[in-house]
Amino acid sequence: MFDQEGSLKPIETPFDMQEHLSQNRIFLSKGIDVPVCETLTEFPNFIFSQIAKKRRVSPEQKVLGTLHRNYWRALDPFPDAKMIHLVRDPRHVANSCLKMGVTGTHFGGGLVWANAMKDWDKTREKLSTDQHLEVRYEDLLADVEGTLGKIFSFIGEKFEPEVLNFHQESTYDPIDSTIKDWSKIVSKSQAKKIEFSCFPWMERYEYLPSHDVKENFAKASLAYWSLENKLFSLYSRCKLLGPKLFIFEIISRKLVLRSWHRSITSEISKRISLLLK
């Protein structure tokens, strides 16, 4: 809803949002109806009230959500929202993006991290000091209970050690406090490509670069890295969806053929859901 990733076109009207939600795999997995609203700002409250009803909890209870981009969009319907920005070493993030097929190369993974930082900077400007908290993933692993205590206090709740038993009632694994060295999974040449986009924020979060960040890269090299990422991203998506769905999705999206694109998106959602199980 806030990410608006994968939407057929920019979401500017309530109808656009309805179209987007009717094809969004994650939204549809919640088992709630696509709301009919007169304004875009009405959607979040309507949806959260449905979720509260489905879970049999009060709508006034705290609502937690995860955002990967476009964080500021949540502030229109929820101007008093509190945001926790969890940041991790970009070299680990880029490698995860590559493994999950989010991007085609380590260079592209670095761009994902850098763009998230740009989104956060834009959002943080709109928040008061008591509305946001920044947490490094590495600090969380180094002191799980201490860091979680700060997070719980920030949202006005008391930390109870029992929450660490979440893995007993979910599909998630228990917390592994081992802090893995990024150099064990990413080569120096790959790290350079990641850090090219990320170094403006790495110092802020105390992530040491592997090379001289003032090193100049030829424009031809940057153009090649960008093209390489696009081609490998397309290849990964084609491999995931199969040639037929891959080509049909592009055609229906480019030509804005709503009905056909809705059908194709539905097939893609089914394919991805099966892979995630």
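Being a predicted model, the structure only gives us computed values, none of them experimental. (Residues numbered from 1 in each chain as written. Predicted model: local features only at pLDDT ≥ 70, side-chain atom pairs only at ≥ 80, totals over all residues. Heavy atoms only, no water.)

Caption draft 1: Representation of the nonpolar core. With 21 residues, the main nonpolar core has Met83, Val87, Trp113, Met117, Trp120 and Tyr205 as its most contacted residues. Looking at this core, the elements that each hand over two or more residues are β1 (83–87), α5 (106–124) and α8 (188–202). Apart from the residues within four sequence positions on either side, Met83 is in contact with Tyr71, Ala74, Leu75, Trp120, Thr123, Leu127, Gln131, His132, Leu133 and Phe154. Counting residues in each nonpolar core, the second largest holds nine residues, with Ile11, Phe27, Cys37 and Ile47 among its members. (Core = buried A, V, L, I, M, F, W, Y, C linked by side-chain atoms within 4.5 Å. Buried < 20%, exposed > 50% of the residue type's maximum accessible area, 1.4 Å probe, protein only. Helix = DSSP H or I, 4+ residues; strand = E, 2+ residues; numbered from the N terminus. Contact = heavy atoms within 4.5 Å.)

Caption draft 2: Representation of α8 in the model. A rise of 1.5 Å per residue sets the reference length of α8, with its 15 residues, at 21 Å; its end C-alpha atoms lie only 16 Å apart and thus fall more than 12% short of the reference. At Phe196, α8 shows its maximal bend, which comes to roughly 60°, and the proline Pro200 appears one to four places after that position. Turning to α8, its buried residues are Ala191, Ile194, Glu195, Ser197, Cys198, Trp201 and Met202. The inward-facing, buried residues of α8 abut α4 (90–100) and α5. (Expected span 1.5 Å × (residues − 1). Bend = angle between axes of the 7 residues up to and from the residue.)

Caption draft 3: Layout of the packing of aromatic side chains. In total, this model carries five aromatic pairs according to the counting rule given. Seen in terms of ring centroids, Tyr71 and Trp120 are 6.2 Å apart; in terms of plane orientation they differ by 75°. Their pairing is edge-to-face. You can see Tyr71 sitting in the loop between α3 (42–55) and β1 and its partner Trp120 sitting in helix α5, a full 49 residues away along the chain. We note that Tyr71, like Trp120, is buried. Here the aromatic rings of Phe152 and Phe159 are separated by 5.5 Å at their centres, their planes lie at 75°, and the arrangement is edge-to-face. (Phe/Tyr/Trp six-rings, centres within 6.5 Å; stacked < 30°, edge-to-face > 60°.)

Caption draft 4: Quick peek at helix α9 (residues 219–241). For α9, with 23 residues, the first-to-last C-alpha span of 33 Å sits near the 33 Å given by 1.5 Å per residue. Looking at α9, one finds that the buried residues are Trp225, Glu228, Asn229 and Leu241. Within two residues after α9, Gly242 carries a phi angle of roughly 95°, on the positive side.

Caption draft 5: Representation of the pattern of salt bridges. Summed over all chains, the structure comprises 11 salt bridges. Salt-bridge contacts for Arg124 lead to Glu134; the nearest nitrogen and oxygen are separated by 3.0 Å. Taken together, the residues span a long stretch of sequence, with Arg124 in helix α5 and Glu134 in strand β2 (residues 132–136) at a distance of 10 residues. The class for Arg124 is partly exposed, based on a relative accessible area of 26%. In this structure, the salt-bridge partner of Lys180 is Asp176, at a minimum N-O distance of 3.7 Å. On the accessibility criterion, Lys180 (53% relative accessible area) is exposed. Each of the salt bridges in this network shares a partner with another, and the network as a whole consists of Asp121, Arg124, Glu134 and Arg204. (Salt bridge = Lys/Arg side-chain N within 4 Å of Asp/Glu carboxyl O.)

Caption draft 6: Focus on the side chain of Asn95. Within the secondary structure, Asn95 is located in helix α4. Accessibility expressed as a relative area gives 10% for Asn95, which makes it buried. Residues in contact with Asn95, not counting those within four places in the same chain, are His106, Ile185 and Val186.

Caption draft 7: Inspection of the environment of Phe46 at higher detail. Within the secondary structure layout, Phe46 lies in helix α3. Sequence spacing of Phe46 and Ser226 is 180 residues, and the spatial spacing of their C-alpha atoms is 40 Å. Beyond its immediate sequence surroundings of up to four residues, Phe46 is in contact with Pro35 and Cys37.

Caption draft 8: Expanded view of a nonpolar patch on the surface. Taken together, Ile247, Ile251, Leu255, Leu257 and Trp260 make up a surface patch of nonpolar side chains, about 420 Å² in accessible area. As for its placement among the helices and strands, Trp260 is situated in helix α11 (residues 258–276). Overall, the relative accessible area of 31% leaves Trp260 in the partly exposed class. (Patch = residues over 30% accessible without salt bridge, like charges linked within 9 Å, V, L, I, M, F, W, Y side chains within 5 Å. Areas by Shrake-Rupley, 256 points an atom, 1.4 Å probe, with all protein chains shown as cover.)

Caption draft 9: How the structure looks around the packing of α4 against α5. Interaxial distance between α4 and α5 falls to 8 Å at its minimum, and their mutual angle equals 115°. Crossing angle aside, the handedness with which α4 passes α5 is right-handed. Contacts between α4 and α5 involve Pro90, Val93, Ala94, Asn95, Cys97 and Leu98 from the first element and His106, Gly109, Gly110, Val112 and Trp113 from the second. Residues of the contact of α4 with α5, tallied by class, amount to seven nonpolar, four polar and no charged. (Axes fitted to C-alpha atoms, helices over the stretch in contact; angles between N-to-C directions. Left-handed = near helix turned anticlockwise from the far one by under 90°. Nonpolar A, V, L, I, M, F, W, Y, C, P; charged D, E, K, R; others polar.)

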